[in-house]
Structure formats: structure tokens, C-alpha cells
Amino acid sequence: MKRRVAILISGRGSNMAALIRAAAAADYPAEIALVISNRPDAGGLKKAAASGIATTTIESKSFNNDRSAFEAVLQSTLDQHRIDLICLAGFMRLFTAEFVQRWYGRMLNIHPSLLPAFPGLEPQAQALRAGVKISGATVHFVIPQTDAGPILMQGAVAVHDDDTAEALAARILEIEHRIYPAALRLVAGGQMRFEGGIWKTSADAAPAVLISPAVS
Ligand code: GAR
């Protein structure tokens, strides 16, 4: 039985599109059952509909700052669609601790930095300011703290001396589109295990070493 996934978006939805593409494969252990946006103008909604995925908007603005009321509608929508797993994909809204606890171990997020470095806004600009030579993206389970939680998968890119935040973001985004579907495959396929507070996998270890700047 494929796990039923809801993807939550707020914007263009390029990670959402990568997840939808991956889940189209017959052997993928999850199906994208629903895309939910908290903004009616999110570009990802059209992309999802064009792929034949059910979409709905729960406009967070109309709940003012009442997170619990927003989450009550969200939860009943997830229940109606018998959702097993949530993937946050550029969903720019915080949850109450109660909602996060309810979905603990069943809600994934992707963030464009090598967490725990650079959580929060503009992580690529944060990385440039810090002068790190390697950055990347992280898929993790969601906990109440923003952009934190048990790590499932990471991908790295070299940071160049002449990088702009936009150029770095574009290279990291390519990594995001690879690791989010791969991490969801491991989680939905039951290939991750929790050991000593850390998520581990029986999948192959990564072969690559990345040194930046390059050494001969
Ligand atoms: C992605 O880079 C994602 O990692 C980031 O928002 C972007 C959404 O792009 N998420 C965060 O920063 C979460 N803190 P997308 O809508 O094209 O997937």
C-alpha cells in the first residue's frame, strides 16, 4: 500500500513538482494525494492541477493569527483525504507545538542549508556572510523549533567566492529536487530506522568527498 502524502506549499512549488514527478513511478512507495496551499496565489497550485493532483487552499490570512483555528481546518482536510505523511515544500507558516507533536515522525521539511547551520530566512545569504565553503540542503522531520529536527538526508554544493545568494540558491535547489524525493522514498518505504535519537538508513553510504576550494 502506497503511503498517502499531502504536500504543503506557499509559493512556486518546484520541490512539490519534483515530488510529484518521482511519485509517478510505479515502484515509488508514496502517492501524492493532495497539495494544500495557504495562499490562493501560490504558483504551485496550477502546476499540481496540471499534473492531475487534487489541490485545495486554506488561506491562513483569513484566520488572522489564530494558528489553532487554521490547523483545525487543515487537520480535517488531511483526515478527509486519509493522509499518512506531510511534506512541507516552501510552506512559510509556523505550526503550534500541538500540531507538530500530532504529526511527529510523519511530517518532513526541506531547508536550503546544511542544518543545523543557517535556519530561518535567507539561509543562502547567511551562508555567504559566514564564508562557508560548502553548503547544501537538508530534509528533516519537523519539530516545534523552526528548521530543526532529526535529519533524514543532506546534499552539499561548493560555495564559490563570487557567488550571489541567487546563484547559490539555484545550485542548492537542484540538490533539493534530488534529495526530497529520495528521502521521502526511504521514509515511505520503511527504510529508515530510529537509533539512539538519530535516523539511519540501510541505503548505500554516499561515496563522494567534497573539498572546497579544490585541492590537487
Ligand atoms: C526551497 O528552497 C525550500 O528549501 C525553502 O523554500 C524554497 C521553496 O521553493 N524552504 C525553506 O526555506 C523552509 N525554511 P519551491 O516552492 O520552489 O519548492
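See the structure above.
Quick notes on the rules
- Residues numbered from 1 in each chain as written.
- Predicted model: local features only at pLDDT ≥ 70, side-chain atom pairs only at ≥ 80, totals over all residues.
- Heavy atoms only, no water.
- Near = heavy atom within 4 Å.
- Polar contact = N/O pair within 3.5 Å; in protein donor to acceptor, adjacent residues only side chain to side chain.
- Areas by Shrake-Rupley, 256 points an atom, 1.4 Å probe, with all protein chains shown as cover.
- 1 Å grid on protein atoms, 1.4 Å probe; cavity = no way out; pocket = protein on both sides within 12 Å on 5 of 7 lines; lining within 4 Å.
- Sits in = over half its atoms within 2 Å of the grid points.
- Helix = DSSP H or I, 4+ residues; strand = E, 2+ residues; numbered from the N terminus.
- Nonpolar A, V, L, I, M, F, W, Y, C, P; charged D, E, K, R; others polar.
- Salt bridge = Lys/Arg side-chain N within 4 Å of Asp/Glu carboxyl O.
- Buried < 20%, exposed > 50% of the residue type's maximum accessible area, 1.4 Å probe, protein only.
- Phe/Tyr/Trp six-rings, centres within 6.5 Å; stacked < 30°, edge-to-face > 60°.
- Lys NZ or Arg CZ within 6 Å of the ring centre and 35° of its normal.

The next subject is the site of the ligand. Near the ligand the following residues occur: Arg12, Gly13, Ser14, Asn15, Gly90, Met92, Ile110, His111, Pro112, Asp147, Leu173 and Glu176. Within the contact set of the ligand, an oxygen atom lies 2.9 Å away from a side-chain nitrogen or oxygen of Asn15. In isolation the ligand offers 450 Å² of accessible surface; the protein chains occlude 89% of this area. Placement of the ligand is best described as lying within the largest pocket. Sorting the residues of the shell around the ligand by element identifies α1 (14–23), β5 (107–111) and α6 (165–188) as the ones contributing at least two each. Classifying every residue of the shell around the ligand gives four nonpolar, five polar and three charged.

With the rule as written, the count across this model stands at seven salt bridges. A salt bridge links Asp84 to Arg3; the shortest N-O distance between them is 4.0 Å. Here Arg3 lies in strand β1 (residues 3–9) and Asp84 lies in the loop between α3 (67–80) and β4 (85–88), a separation of 81 residues in the sequence. Classification of Asp84 by relative accessible area gives partly exposed; the value is 24%. On the basis of relative accessibility, which here comes to 28%, the residue Arg3 falls in the partly exposed class. Linking Arg4 and Glu31 is a salt bridge whose minimum nitrogen-to-oxygen distance equals 3.9 Å. Of the two residues, Arg4 sits in strand β1 while Glu31 sits in strand β2 (residues 30–37), which places them 27 residues apart along the sequence. Overall, the relative accessible area of 17% leaves Arg4 in the buried class. Each of Arg193, Glu195 and Lys200 takes part in a single network of salt bridges with overlapping partners.

To continue, consider the packing of aromatic side chains. Within this structure, the stated rule accounts for six aromatic pairs. Ring geometry for Phe99 and Trp103: centres 6.4 Å apart, planes at 35°, overall tilted. Residue class for Phe99 comes out buried when judged on its relative accessible area of 4%. Note on Trp103: relative accessible area 2%, which makes it buried. Taking the centre distance of 5.0 Å and the plane angle of 40° together, the rings of Phe194 and Trp199 count as tilted. An aromatic cluster of three or more residues is present, and its members are Phe91, Phe95, Phe99 and Trp103. The cationic tip of Arg93 hangs over the ring face of Phe70; the distance from NZ or CZ to the ring centre is 4.6 Å. One residue, Arg106, lies across the ring of Trp103, its end atom 4.1 Å from the ring centre.

Function cannot be inferred from these measures alone, as they are strictly geometric.
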